[in-house]
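Reading the structure
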Amino acid sequence: MLPNKAGQVVRFHTPFPDEDPKMIFILLYLDEEHYPNRRADIRPIFSNLTIPPINRVQLEDLEVVELDLKDLMMHKVTVIKEDRTEAVGRVVKLHQEKIIPELTVKEGKGVMTNALITVKDFDGQEHTGFLFVTPESKI
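Quick look at the structure, then. Note that the structure is predicted; figures quoted are calculated from it, not measured.

**Regarding the overall build of the protein**
Of regular secondary structure, the protein possesses 0 helices and 12 strands. Secondary structure elements in the protein, listed N-terminal to C-terminal, are β-β-β-β-β-β-β-β-β-β-β-β. Each principal axis of the C-alpha distribution contributes one length, and for the protein these read about 55 × 30 × 30 Å. Buried positions account for 32% of the 139 residues belonging to the protein. Of the contacts formed within the protein by residues at least 6 apart in sequence, a portion of 45% connects residues at least 24 apart. Of the roughly 9300 Å² of accessible surface on the protein, a fraction of 52% belongs to carbon and sulfur atoms. The positive charge centre, built from 18 side chains, and the negative charge centre, built from 23, are 4 Å apart in the protein.

**Some remarks on a nonpolar patch on the surface**
On the surface, L28, Y29 and I54 cluster together into a nonpolar patch covering about 270 Å² of accessible area. Counting through the fold element by element, I54 comes out in the loop between β3 (39-44) and β4 (55-58). Residue class for I54 comes out partly exposed when judged on its relative accessible area of 48%.

Quick notes on the rules
Residues numbered from 1 in each chain as written. Predicted model: local features only at pLDDT ≥ 70, side-chain atom pairs only at ≥ 80, totals over all residues. Heavy atoms only, no water. Helix = DSSP H or I, 4+ residues; strand = E, 2+ residues; numbered from the N terminus. Buried < 20%, exposed > 50% of the residue type's maximum accessible area, 1.4 Å probe, protein only. Contact = heavy atoms within 4.5 Å. Areas by Shrake-Rupley, 256 points an atom, 1.4 Å probe, with all protein chains shown as cover. Lys, Arg positive; Asp, Glu negative; His and termini not counted. Charge placed at Lys NZ, Arg CZ, Asp CG, Glu CD. Patch = residues over 30% accessible without salt bridge, like charges linked within 9 Å, V, L, I, M, F, W, Y side chains within 5 Å. Salt bridge = Lys/Arg side-chain N within 4 Å of Asp/Glu carboxyl O.

So, in structure tokens, the structure goes:
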């Protein structure tokens, strides 16, 4: 699927032989004009560099990455609930098994996702919300 908005996780559908085919990027900007040569600004999600580069590439070279959420089961995570409060606990329920992730940086504290999950906190209460990833998160 061709990316259609900023915040989507993408990869190259046909990487060069010397490129890692599993490398994923966040789509920062999408050129809404200039058909058929639309461009996109992307940045690697995982990088060893202090300041990861932003690259401008042909939109047609990218595809949206689908994320399998089953790997989150029983991991300790943070969710942002409907009332905007945070809850920390272990994942006990997935509301979708696979999603096309959309990421949004929130106040420089972390990254909000569109992964709706239910966690059980350490008092045994369940909380439903969207997965929130912080620099301290260890999934």
